[in-house]
Each structure stands twice: as structure tokens, then as C-alpha cells.
Amino acid sequence: MSSPVSHALKRVKPSATMAVSAKARALKAQGRDIIALSAGEPDFDTPENIKEAAIRAMREGKTKYTDVDGIPELKDAVAAKYKRENGLEYKRSQINVSPGGKPVIFNAFMATLNPGDEVIIPAPYWVSYPDMALLCGATPVFIETRLEESFKVRPEALAKAITPHTKWLLLNSPSNPSGAAYTRHELKALAAVLLDFPNVMVLADDIYEHLIYGDFKFDTIAHIEPRLYDRTLTMNGVSKAYSMTGWRIGFAGGPEWLIKAMSTVMAQTTSNPCSISQWASVEALNGPQDFIPKNKRVFEGRRDLVVSMLNQAKGLKCPMPEGAFYVYPCVEELIGKRAPNGAAIENDEAFATALLDAEGVAVVHGAAFGLSPCFRISYATSNAELEDACARIQRFCASLS
Ligand SMILES: Cc1ncc(COP(=O)(O)O)c(C=O)c1O
């Protein structure tokens with residue numbers, strides 16, 4: 001019997017980040033001493049005031065279906081967040097709330113993409129973007145960035161990638177996996193290109209907005225260039241900023257027609273996001289925000305530690321990222337070498353496999369994010385574990401010959 005799996009699903013790869021995490025868990029279960037630096041979530045717990053709001057919601061019986069794309073109270077909290085933090089004005093009818101940031105993107109794609117449409121995705125990219133575009137029948141078009149340019153898209157490269165079929169440009173700043181964030185000036189230059197192509201929409205994935213370090217100032221493209229406001233979906237969520245990955249709430253502001261179309265997709269698929277999580281998210285957005293700068297300082301210290309230790313590893317080059325909780329070092333100088341057990345380091349996947357075998361450190365190879373030869377480390381774990389992991393990576397790199 002031929003596979004009953006749909007053609008759409010056959011185009012999709014399983015998530016490489018989840019596969020690495022699963023392998024690390026399996027090795028740990030066998031008793032191996034494993035440090036997994038592959039997960040994409042903060043290691044902090046959800047703040048108490050947010051948990052209390054959820055408990056209150058349950059006690060008050062807020063446990064039924066809600067409006068499909070979010071309760072009015074959460075839409076108002078999201079609109080207030082966009083105004084306060086991003087200088088963007090959205091009406092309730094311009095706000096979507098979905099069961100996570102991932103579904104926001106998927107719903108937007110499902111609502112707009114037709115076979116033959118193209119989605120421009122700068123590489124390295126978050127693993128889900130191309131597959132979501134493929135599931136919706138569209139074609140991902142990649143723009144490879146360079147370490148020397150801090151993994152950011154140049155305006156000339158963007159202009160070259162746009163065709164009459166381009167429907168979306170995905171802009172993720174700060175980026176998963178590189179941590180790179182676009183300055184105001186860099187966004188303005190990209191916006192200038194987009195002004196010449198009125199049919200291209202922009203999906204700004206700002207989910208790491210609050211994880212930005214040093215003096216870097218976050219900004220988002222619909223704010224930088226008001227002429228793009230009508231064709232930009234500014235997406236965000238509570239997962240990363242409020243340590244709420246399991247609660248599954250993402251949101252976006254955008255043009256009314258698109259928000260309505262996304263709501264139609266939800267009405268026939270997921271219906272509303274969890275009512276309790278929505279009430280918890282109202283508290284996350286409207287309540288005290290002191291949790292955010294506290295976490296930021298912890299992450300910034302970890303970033304500095306990891307970048308410094310990785311740059312001391314033989315053959316590794318690790319740029320200093322502006323945000324998120326990832327670094328994306330390059331292993332170009334190590335390609336062609338051999339591990340002590342004889343394994344050939346032919347590419348970044350072989351590097352990651354040999355590193356896991358030799359030292360028990362799980363990282364995700366760059367090919368999974370569309371840009372080799374590199375790997376991604378998530379530093380959302382304790383300093384002690386990071387120091388141990390980086391020392392192991394240094395030892396492993398030194399052992400290659
Ligand atoms: C760049 C990026 N966008 C969106 C998401 C989705 O977040 P959520 O967990 O809210 O679906 C993630 C999660 O890893 C991410 O890294």
C-alpha cells in the first residue's frame with residue numbers, strides 16, 4: 001500500500017530541534033552524563049502572579065469556550081502592550097490571539113498562501129517557518145546570511161529574492177537560532193526595499209523582543225516604517241518573555257482583513273486558545289513587569305560566559321548576538337578533521353553527533369536551520385551547566401585532528 005500520508009505532509013520534515021532533545025533524553029535515561037543545550041525555552045518558572053490569575057480564572061468558572069480569536073480583555077491587554085512597548089496602535093478587531101506563537105504564523109499562512117506563492121525566509125531560520133509554508137502549499141525562498149554580517153539580511157539580497165510570486169517576508173528579530181537583532185537603521189534599509197514591492201506582506205516575529213542585551217534598542221518594522229503598517233503582521237507571545245511556553249498563548253496585530261481571515265481558520269480548526277491561559281496572559285501583560293529585566297540580566301551573563309568560552313575553543317568562531325538565548329558558532333575550521341574515535345567531521349551534523357558521543361553535550365547542527373557549518377546552543381540553563389558544557393566543547397575541539 002502506498003503511504004496514506006498526505007502530499008502536503010510529505011513535504012514536511014520532523015523538527016530537528018525536537019529530535020535532538022529526544023535523543024539527549026534517551027541517552028540520559030540510559031544513564032549517560034548528558035548536558036542538553038538544545039531546548040528553546042527559558043529555564044525559569046512562570047511568575048506567581050500569573051499562576052494566581054489562572055487559578056482565579058478556574059475558580060470563577062472561566063472555563064468555557066471563548067471568542068475564537070481571544071477574549072476582549074486579552075485583546076485589550078495586547079493592544080495596550082503594542083502601544084506601550086512598540087508605539088503601535090491596533091483596534092480590538094486588529095488583534096489575534098492563538099494557541100501559541102507558532103499557530104499565529106500558521107494561521108496567517110493558511111489564511112493567505114496559495115500554491116505557487118513564495119515566502120522569503122532569511123537563513124539561518126527557525127525550523128518551523130519553511131515547513132509551515134510547505135504545509136500551506138507555498139514555496140520557501142531562502143536568503144543565506146553570513147557570519148561576517150552577523151547573520152542579518154542585506155537590503156540588496158532582499159531586493160534580489162523578491163519575485164512577482166512573493167507573498168511574505170519573514171523577519172525574526174532577535175533571531176532563533178542566531179540571536180541576531182536588527183537595529184532601527186537596518187530595519188529602515190529593509191523597509192525601503194519593501195516600499196517598492198506593495199504586494200509583499202511582512203511577518204515580524206518579535207517573540208524574543210524582551211530578551212535583548214546591553215544598550216541594544218528593540219524596534220519592529222511596522223513602527224519604523226508606518227507605510228508598511230497595513231501589510232505587516234506583528235507577532236509576539238507570552239512564551240519566552242514570561243516563561244509561559246506550556247500555556248500556549250501567542251498574539252499578533254495586523255490589518256483587519258487578515259485578522260478576520262485568521263479567525264476563520266481558527267473557527268474551523270482549534271477554536272479558542274485555552275480560556276485559563278488567556279486570563280493568565282491578561283495578568284502577564286497588565287501585571288508587574290519586573291520579572292523581565294531580572295531574567296534579562298541572568299541571560300545576558302550567560303550569553304557573555306558562553307560566547308567567551310566558545311571563542312576560546314580551538315577552531316570555533318562565535319559572534320556576540322544581541323538577543324534571544326541562543327548562540328550560533330561556526331565550525332568551518334574543523335570540517336575535514338577526525339574525532340579520537342575515528343569519526344570524520346564532514347559537516348556540522350557530524351560535528352554535533354561526535355560531540356554528543358564523545359562529551360555528552362547535545363547541540364543542534366546548523367543544517368537544521370538552513371545555514372552550515374554552524375551549530376546552535378541554547379543557553380537557557382544554569383551557569384554551572386553552561387560552564388561544564390563549554391569546557392567539554394573546548395576539550396572536544398582540541399581533541400580533533
Ligand atoms: C522564532 C520563534 N518564533 C515563534 C516561536 C513560537 O513560540 P510558541 O511556543 O509561543 O508557539 C518560537 C518558539 O520556539 C520561536 O523560536
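These figures come from a predicted structure and were not determined experimentally. (Residues numbered from 1 in each chain as written. Predicted model: local features only at pLDDT ≥ 70, side-chain atom pairs only at ≥ 80, totals over all residues. Heavy atoms only, no water.)

Student: Just checking my understanding: could you explain the sheet that holds strand β12 (residues 375–378) for this structure?
Tutor: Two strands in a sheet stick together by hydrogen bonds in their backbones, pointing the same way (parallel) or opposite ways (antiparallel). In space, the three strands of this open sheet follow the order β9-β12-β11, with antiparallel pairing throughout. Where the open sheet ends on each side, the last strands, each with one partner, are β9 (326–327) and β11 (364–365). (Pairing = 2+ DSSP bridges. Helix = DSSP H or I, 4+ residues; strand = E, 2+ residues; numbered from the N terminus.)

Student: Looking at this model, I keep getting lost on the sheet that holds strand β2 (residues 95–98). Mind explaining?
Tutor: The strand order β2-β8-β7-β6-β5-β3-β4 describes an open sheet built from seven strands, whose pairing is mixed. The open sheet has two free edges, formed respectively by β2 and β4 (139–144), since each of these has just one partner strand. Neighbour-to-neighbour, the strand axes of the sheet open up by a mean angle of 20°, direction not taken into account. Inspection of the sheet shows strand β3 (residues 118–123) paired to strand β5 (residues 166–172) by three bridges, in the parallel sense. Bridge pairing in β5 links E118 to T166. Packed on one face of the sheet, helix α4 (residues 72–86) meets β2, β7 (232–237) and β8 (250–253) and runs near 115° to β2. (Axes fitted to C-alpha atoms, helices over the stretch in contact; angles between N-to-C directions. Contact = heavy atoms within 4.5 Å.)

Student: How should I be thinking about the side chain of K240 in this particular structure?
Tutor: Mapped onto the fold, K240 is located in the loop between β7 and β8. Look at K240: it is buried, it has no salt bridge, and the nearest opposite charge is E41 at 7.1 Å. Here G40 takes part through its backbone oxygen, which lies 2.6 Å from a polar atom of the side chain of K240. Polar contacts involving the side chain of K240 include one to the side chain of Y208, which spans 3.1 Å. (Buried < 20%, exposed > 50% of the residue type's maximum accessible area, 1.4 Å probe, protein only. Lys, Arg positive; Asp, Glu negative; His and termini not counted. Salt bridge = Lys/Arg side-chain N within 4 Å of Asp/Glu carboxyl O. Polar contact = N/O pair within 3.5 Å; in protein donor to acceptor, adjacent residues only side chain to side chain.)

Student: What exactly am I supposed to notice about the packing of helix α12 (residues 291–311) against helix α14 (residues 383–399) here?
Tutor: Relative orientation and spacing of two packed helices are given, respectively, by the angle between their axes and the distance between those axes. It is the contact of α12 with α14, at a shortest axis distance of 9 Å, that shows an interaxial angle of 15°. Overall, the two elements α12 and α14 adopt an arrangement that is roughly parallel. Every pair of crossing elements has a handedness; the one defined by α12 and α14 is right-handed. Side by side, α12 and α14 meet where R302, L305, V306, M309 and L310 of the first sit next to N383, L386, E387, C390, A391, I393 and Q394 of the second. (Parallel < 35°, antiparallel > 145°, perpendicular 65-115°, else oblique. Left-handed = near helix turned anticlockwise from the far one by under 90°.)

Student: Sorry if this is basic, but what is going on with the pairing of β7 here?
Tutor: For β7, a buried count of six out of six residues is recorded, marking the element as mostly surrounded by other parts of the structure. Going residue by residue along β7, you find T232, T234 and N236 tucked away on one face and L233, M235 and G237 tucked away on the opposite face as well. Note: strand β6 (residues 201–205) against β7, four bridges, orientation parallel. Paired with D205 across the strands is M235, a residue of β7. Note that β7 and β8 share four bridges and pair antiparallel.

Student: For this particular structure, what's the right way to read the pattern of salt bridges?
Tutor: Between side chains of opposite charge, a pair can form as their charged atoms come close. Scanning all chains against the criterion turns up 26 salt bridges. The shortest N-O distance in the salt bridge between E148 and R146 comes to 3.8 Å. The class of E148 is exposed, set by a relative accessible area of 55%. Ionic contacts of the salt-bridge type, sharing partners, join the residues K81, R84, E85 and E209 into one network.

Student: Would you mind showing me how to read the nonpolar core here?
Tutor: Side chains of a nonpolar character, in soluble globular proteins, are inclined to be buried together. By size, the foremost hydrophobic cluster in this structure holds 81 residues, and its most contacted members are F109, W168, L233, L316 and F351. Y82, W279, A280 and V282 belong to the second-largest nonpolar core, a separate cluster that totals 29 residues. (Core = buried A, V, L, I, M, F, W, Y, C linked by side-chain atoms within 4.5 Å.)

Student: What's the story with the pairing of β12 in this structure? I'm lost.
Tutor: The side chains of a regular strand alternate between both faces of the sheet. Of the two faces of β12, both are covered, the one formed by F375 and I377 as well as the one formed by R376 and S378. With two bridges connecting them, β9 and β12 associate as antiparallel partners. Residue pairing across strands places V327 opposite I377, the latter belonging to β12. Bridge count for β11 against β12 is two bridges, and the pairing is antiparallel. Note on β12: the bridge partner recorded for H365 is F375.

Student: In this structure, what is going on with the site of the ligand? I would like to understand it.
Tutor: Around the ligand lies a shell of 13 residues, among which G101, D205, Y208, S239 and K240 are the nearest. One of the side-chain nitrogen or oxygen atoms of Y208 is found 2.7 Å away from an oxygen atom of the ligand. The side chain of R248 places a nitrogen or oxygen atom 2.8 Å from an oxygen atom of the ligand. When the free accessible area of the ligand is taken as 390 Å², the share hidden by the protein chains comes to 92%. Looking at the shell around the ligand, its residues break down into four nonpolar, five polar and four charged. (Near = heavy atom within 4 Å. Areas by Shrake-Rupley, 256 points an atom, 1.4 Å probe, with all protein chains shown as cover. Nonpolar A, V, L, I, M, F, W, Y, C, P; charged D, E, K, R; others polar.)

Student: What exactly am I supposed to notice about the side chain of N107 here?
Tutor: For N107, the location among the structural elements is in helix α5 (residues 101–112). Residue N107 is classed as buried on the basis of its relative accessible area of 5%. If near-sequence neighbours (up to four positions away) are discounted, N107 is found in contact with S98, M262, V265 and M266.

By themselves these figures say nothing about function.
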